[in-house]
Amino acid sequence: MYKIIITFALLVFSSIATAQSDYNLPLGVTDISQKVYNLHMTIFYVCIAIGLVVFGLMFFAMIKHRKSKGVKAAQFHESTLIEIIWTVIPFFILIALAVPATQTLIEMEDNSNADITIKITGSQWKWHYEYFDHDFGFYSLLSTSPEQIANTKEKGVNYLLEVDKPLVLPINKKVRFLVTADDVIHSWWVPAFAVKQDANPGFINEAWTRINEPGVYRGQCAELCGKDHGFMPIVVEVLPEKEYQQWLDSQLSSVLLAKEKEQQDLNSGMTMEEAMTLGEQVYLSLCAACHMPSGEGIPGAFPALKNSKIALGDVKKHIDIVVNGVEKSAMQAYGQQLSLKKLAAVITYERNAWGNNTGDLVQANDVQQPANK
Amino acid sequence: MSDKTLVHKKNNQLIAKLVSVVMLMFLFGYALVPLYDVFCDITGINGRRFVQSTPQISGLNESRLINLQFTTSVAPDMPWKFSPMTKTIEVHPGENKVVKFSATNISPNTVVGQAIPSVSPGIASLYLNKVECFCFNRQELKAGEQVEMGLSFFISSDIPEDINTLTLSYTLFNVTAVNQNKQPI
Amino acid sequence: MSTLVKNNNKKADIDDFDHAHDEKPRGIMRWLLTTNHKDIGTLYLGFSLLMFFVGGAMAMVIRAELFQPGMQIVDPNFFNQMTTVHGLIMVFGAVMPAFVGLANWMVPLMIGAPDMALPRLNNWSFWILPAAFSVLIASLFMPGGGPNFGWTFYAPLSTTYAPDSTALFVFAVHIMGISSILGAINIIVTIMNLRAPGMSYMKMPMFVWTWFITAFLLIVAIPVLAAAVTMILTDKYFATSFFSAAGGGDPVLFQHIFWFFGHPEVYIMILPSFGIISTIIPAFSRKKLFGYSSMVYATASIALLSFVVWAHHMFTTGMPLAAELFFMYSTILIAVPTGVKVFNWVATMWRGAISFEVPMLFAIAFIILFTIGGFSGLMLGITPLDFQYHDTYFVVAHFHYVLVTGAIFSIMAGAYFWLPKWTGYMYDERLAKLHFWLSLISVNILFFPMHFLGLAGMPRRIPDYALQFADFNQLVSLGGFAFGISQLLFVVVVVKCVRGGAKAQEKPWDGAEGFEWELPSPVPYHTFSTPPKVK
């Protein structure tokens, strides 16, 4: 019997020791994450040790002090001394654990003297990253195809952990995250950095990291945020400083190009075919989560577009809703998220898909905001 | 029989006490709302403590510079463009400063907005004094209207040494539907 | 069930000297109108078993969807409804009513009282429960579905972004709360006013003590939950903004209020377990409970501490450092009184004369597995670690160890322990042992790998997951199905036991102590019309 217990204990130990890579906390790539990992392992071993002692005694009693062995029960049932001992010893063990925990925590909460500030905004169901020191930001959406999720296509290696545009950060810089949300509470979590920070709508929270190694690190939203909570991953691409600078420069110049493009779009129209193709793309990536690819919505939760008053009625009203959102509802204002051309295309798509054959073709110019006119 | 009535009486007294505990705890649940506000006002924990102050005239501390960042968010149902005209400034504790924010209503309707402030680190909100702020009132913009909104503030000279970066965030909410009267926050 | 009734009647006719009280309606009316603590205890236990299977069926849907990566069976919105309603039903429908049922049956017997102090209130507090759960389950069939914001219903997901059926959810939670509060008041009054002469507080059986403290937790904590759901209701439907930043509120405030209720609630679901285990371990060790008074003090200090640790559920919400430290220290401090309890149980077994009947098997499994849940709780209480564990499957593993192998195993232990007393027959020991071993093995296959999933980075409440989690999820699902099916055995054992079997003696367990074992088995319909003598 002892042998079984000891073998079992050894098995547990060895399986844990080898489990490091896949089924334990990641060691991570920051000083903090490594401290957290060490703390985790220390406390884990302390728990194992206490468990072995307590359960060891218990199993000893279960084996030796059995009625079937003809044992007569002892009569003792009180001892103040023993009660005091087993109150005090755990207390000191706890103090021993609390000291390193406190040190690590104080370090984690020191957000001062950051080199780079990134503002992270969660919304249903995507992340928005803004480089605070530059006028530049982008949305980061799940890039796994719906076919993979529906099991009609083979799943890729990074299934559900891949995005269209990852956050890019440099190594060896103190990066400060300002975290907030647009609608419900989300939580930005990258295990390799040991950073998890809730994004509360209307409030701003801070966290920081300093990454030691370049690479691609993946995480997920960690706070239930509605239907597609499981489908808003986080991908961070960490580059050496020089490459990071190059990346940033190229991004900043492409922002300028995009603005010029926008002007061109205003002057040149799309054909119906172009609008429908582009519109379908936009619709599936942003709108289909709620209104469903079939345009039928989810009754009681998200309204249908197919045969709806909005999609078949006044074009101006339709544009207004897509661009400015609907107050006190999950319908966001997409005016600031999408280019005029994409807005026009998706509205055209909604007015002509699923048998909504209005024949309306909306152009970028039609969508242009009243303020700009 | 008298035994039974005695027990009944004892029971009823006890029930009355227990029911009042229940009632009190229900009220306590509600009392947590103002208690939380008071607690936040004292400790600044949710970064939300803001009172109108009069301008500072003394206590300028030129030996320290604090990096102040401004950022804005716009609620998803809010058809305005809203951004700080200065993203970062450096201020001495005790120094009076004015910064401007720009807001544009890009919708075809009149919309009322309310900006809600939040400071990080939360504790710093105790030292950020606002003399005048657009967030004290609701703002109404007609279709296409654009305004510059001012914020006049100073940082108390007793701000702790370890705070050297401070972020002030405004989230702009659409309150057109609930705009009965202009309440200060 | 009806057999149980008949048996009770027959026995009651023979044994009860107070025949005047024995006239009761037959059939359904008897159950609807009963004010007898034993009938109401049976109703509670039966209802809780039913809810255990309803909530369990939802868990099966969850595990079936998570059997493989990709979406197969349900859509994400329905998946969220399943996790939400599974949690609500298991907490408020299965675990809590089971404990109230045990209290109804056993507290009057253990303190030598003729019935609960407020028998008519007792009837009412049971019968509003089925109504509450009918409303909750019916809300799943509304357009837009039932509650999908998690059993913790964090605002604003449960207000602005909640489905139309949220009012029904609020209504159901209110009724459940009222039922719990009424039950708790009844238990307190019974314990304080109806103890047999000579039974001082420090002579009360541990089960009575733990329930006494639990009842106080209930009347203090549940009204706060009632306030929280009322605020959710007015925020969603009546334009208040307690939790909406736009109107000057704060969504984090909701979490504070919720967990101010929620953490005591956790202990409401475990303290009665401690009582049951403290009853069973001595009985089968044939030795008095070690450190009775320290057990009482430990229980009371756990209850008190439970009111100052709530924010350990919220370390990632952006709390200031000082608050994080305070809640870390107060949280890990709970390990001390909890440790005392475990040590006392082990010391009770030490040099006893132990035998391993099914109640004892469940009790021993409870001690080991609950302690594992306690260890992961200690790890979660360390703030820097919680940043990694929070909202992952590590947490899911933690609270299922505490609630399934903790609370539910203790309920099973108690049920096997007292079944002979309730029905007058011994349960089928062979089948019950099979039930125990199947449950023990499957429950660990179900919940143990969840620790590793969480550490590896799998968030909780997701309907689909990355490929590296696939093999463990499959294992977990298999364990889940096995555990679910094993519980059907429990129903078989109980039904068999109610219908007949070997006659149970007055005191089927030679080491058991207490008034209940001085009564005949099955217990007569009316007992202790004259209070027993305290030895």
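## Focus: the overall build of chain C
Okay, step 1: Within chain C, the secondary structure is distributed over 17 helices and 0 strands.
Okay, step 2: Summarising its shape, the C-alpha atoms of chain C cover approximately 65 × 50 × 45 Å along the three principal directions.
Okay, step 3: Evaluated residue by residue, chain C yields a buried proportion of 72% over its 535 residues.
Okay, step 4: Averaged over its 28 positive side-chain charges, chain C has a centre that lies 10 Å from the centre of its 27 negative ones.

## Remarks on the interface of chain B and chain A
Okay, step 1: Contacts between the two partners involve 39 residues from chain B and, on the opposite side, 30 residues from chain A.
Okay, step 2: Carbon and sulfur atoms make up 50% of the area that chain B and chain A hide from each other, which totals about 2600 Å².
Okay, step 3: There are 1 salt bridge connecting chain B and chain A.
Okay, step 4: In this structure, D135 of chain A and K87 of chain B form a salt bridge, with 3.7 Å as the shortest nitrogen-oxygen distance.

## Some remarks on the interface of chain C and chain A
Okay, step 1: Listed by partner, the interface residues are 97 residues for chain C and 92 residues for chain A.
Okay, step 2: Of the roughly 8000 Å² buried between chain C and chain A, counting both surfaces, carbon and sulfur atoms make up 71%.
Okay, step 3: Remark: the boundary between chain C and chain A carries 1 salt bridge.
Okay, step 4: D510 of chain C is the partner of K67 of chain A in a salt bridge, and the nearest nitrogen-oxygen pair spans 4.0 Å.
Okay, step 5: Inspection of the region where chain C meets chain A yields 25 residue pairs in polar contact (both at pLDDT 80 or more).
Okay, step 6: The element that contributes the greatest number of residues to the side of chain C that touches chain A is helix α12 (residues 335–349) of chain C, accounting for 9 residues.

## Re the confidence of the model for chain B
Note: predicted coordinates in regions of low pLDDT should not be interpreted at a detailed level.
Residue and element names in this part refer to chain B.
Okay, step 1: Here chain B averages 82 in pLDDT, while 86% of its residues score no lower than 70.
Okay, step 2: Taking the mean pLDDT of every element in chain B, the minimum, 84, falls on strand β6 (residues 128–133) and the maximum, 90, on strand β1 (residues 66–74).
Okay, step 3: pLDDT under 50 marks residues 181–185. Its contacts with residues more than four places away, or in other chains, come to 11 contacts.

## Details of the sheet that holds strand β10 (residues 233–239) of chain A
All names here are of chain A.
Okay, step 1: Ordered in space as β4-β10-β9, the 3 strands form an open sheet in which the pairing is mixed. In this open sheet, the two edge strands, each paired with only one partner strand, are β4 (167–170) and β9 (215–220). Averaged over all neighbouring strand pairs, the angle between strand axes comes to 25°, with direction disregarded.
Okay, step 2: Where β4 and β10 come together, 4 bridges link them in parallel fashion. Each residue of the ladder has a partner; that of L167, found in β10, is V236.
Okay, step 3: Across the sheet, helix α5 (residues 241–267) lies against β4 and β10, angled at about 140° from β4, the strand it touches most.

## Examining the packing of aromatic side chains
All names here are of chain C.
Okay, step 1: Under the counting rule described, the total for this entry stands at 82 aromatic pairs over all chains.
Okay, step 2: Ring centres of F212 and F216 lie 5.2 Å apart, and the angle between their planes is 80°; this geometry places the pair in the edge-to-face category. Here F212 and its partner F216 are both found in helix α7 (residues 206–237), 4 residues apart, which amounts to about one turn of the helix.
Okay, step 3: Judged by relative accessible area, which is 8%, F212 ranks as buried.
Okay, step 4: Look at F216 and you get partly exposed, because its relative accessible area is 32%.
Okay, step 5: Positioned above the aromatic ring of Y237, the side-chain terminus of K236 is 5.5 Å from the ring centre.

## Examining the pattern of salt bridges
Two side chains carrying opposite charge are able to pair once their charged atoms lie near each other.
Okay, step 1: Per the counting criterion, the structure on display carries 15 salt bridges over all chains.
Okay, step 2: A salt bridge links K227 of chain A to D228 of chain A; the shortest N-O distance between them is 3.3 Å. Across the pair, exposure class does not vary: K227 of chain A and D228 of chain A are buried alike.
Okay, step 3: Several salt bridges share partner residues, and in doing so they unite K67 of chain A together with R286 and D510 of chain C into one network.

## A closer look at the state of the cysteines
Okay, step 1: Applying the stated rule across the entire model yields 1 disulfide over all chains.
Okay, step 2: For C225 of chain A, which is in no disulfide, the shortest distance to another cysteine sulfur is to C221 of chain A and amounts to 3.9 Å.

## Section: the domain arrangement of chain B
Okay, step 1: Domain parsing of chain B yields domain 1 (1–43) and domain 2 (66–174).
Okay, step 2: On a C-alpha basis, the centroid separation for the pair domain 1 of chain B and domain 2 of chain B is 43 Å.

## Concerning the nonpolar core
General note: in soluble globular proteins, nonpolar side chains tend to be found buried as a group.
Okay, step 1: Core analysis: the largest hydrophobic core is formed by 293 residues, its most contacted members being I118, Y131, F177, W188 and F193 of chain A together with F92 and F133 of chain C.
Okay, step 2: Among the elements that line this core, the one with the most residues is helix α4 (residues 76–111) of chain C, at 22 residues.
Okay, step 3: Not counting residues within four places of it along the chain, the set of residues in contact with F133 of chain C comprises F47, M51, L88, I89, F92, G93 and M176 of chain C.
Okay, step 4: Among the nonpolar cores identified, the runner-up in size contains 40 residues, and F134, L141 and L166 of chain B together with A245 of chain C belong to it.

## Brief notes about helix α9 (residues 340–352) of chain A
Residue and element names in this part refer to chain A.
Okay, step 1: Under the 1.5 Å per step criterion, the end-to-end length of α9 is 18 Å for 13 residues, consistent within 8% with the ideal 18 Å.
Okay, step 2: Within α9, 11 of the 13 residues are buried, which leaves the element mostly enclosed by the surrounding structure.
Okay, step 3: Of the residues making up α9, those classed as buried are L340, L343, A344, A345, V346, I347, T348, Y349, E350, R351 and N352.
Okay, step 4: After α9 finishes, the residue W354 shows a positive phi value of roughly 45°.

## Examining the side chain of T171 of chain B
Okay, step 1: With respect to the helices, strands and loops of the structure, T171 of chain B is situated in strand β9 (residues 165–174).
Okay, step 2: With relative accessibility at 4%, the residue T171 of chain B sits in the buried group.

## Some points on the environment of L32 of chain B
Okay, step 1: Topologically, L32 of chain B is positioned in helix α1 (residues 2–43).
Okay, step 2: Taking the C-alpha atoms as reference points, L32 of chain B and I66 of chain B, separated by 34 residues in sequence, lie 34 Å from one another.
Okay, step 3: Look past the residues within four positions of L32 of chain B in its chain and what remains in contact with it is V224, L253 and I257 of chain C.

## Some remarks on the sheet that holds β9 of chain B
Strand pairing in a sheet relies on backbone hydrogen bonds, with the paired strands running either antiparallel or parallel.
Residues and elements named next belong to chain B.
Okay, step 1: Strand order in this open sheet of 5 strands is β3-β1-β9-β5-β7, and the pairing throughout is mixed. If you trace the sheet from one side to the other, it starts and ends with β3 (88–91) and β7 (139–141), each paired once. Pairs of neighbouring strands in the sheet enclose a mean axial angle of 30°, with direction left out of account.
Okay, step 2: Inspection of the sheet shows strand β5 (residues 111–120) paired to β9 by 8 bridges, in the antiparallel sense. In the sheet register, Q114 faces β9, and the bridge partner there is F173.

What counts as what
- Residues numbered from 1 in each chain as written.
- Chains lettered and ligands numbered in written order.
- Predicted model: local features only at pLDDT ≥ 70, side-chain atom pairs only at ≥ 80, totals over all residues.
- Heavy atoms only, no water.
- Helix = DSSP H or I, 4+ residues; strand = E, 2+ residues; numbered from the N terminus.
- Buried < 20%, exposed > 50% of the residue type's maximum accessible area, 1.4 Å probe, protein only.
- Lys, Arg positive; Asp, Glu negative; His and termini not counted.
- Charge placed at Lys NZ, Arg CZ, Asp CG, Glu CD.
- Contact = heavy atoms within 4.5 Å.
- Buried area = accessible area lost by both parts, 1.4 Å probe.
- Salt bridge = Lys/Arg side-chain N within 4 Å of Asp/Glu carboxyl O.
- Polar contact = N/O pair within 3.5 Å; in protein donor to acceptor, adjacent residues only side chain to side chain.
- pLDDT = per-residue confidence, 0-100.
- Pairing = 2+ DSSP bridges.
- Axes fitted to C-alpha atoms, helices over the stretch in contact; angles between N-to-C directions.
- Phe/Tyr/Trp six-rings, centres within 6.5 Å; stacked < 30°, edge-to-face > 60°.
- Lys NZ or Arg CZ within 6 Å of the ring centre and 35° of its normal.
- Disulfide = S-S within 2.5 Å.
- Domains from an automatic or database assignment.
- Core = buried A, V, L, I, M, F, W, Y, C linked by side-chain atoms within 4.5 Å.
- Expected span 1.5 Å × (residues − 1).

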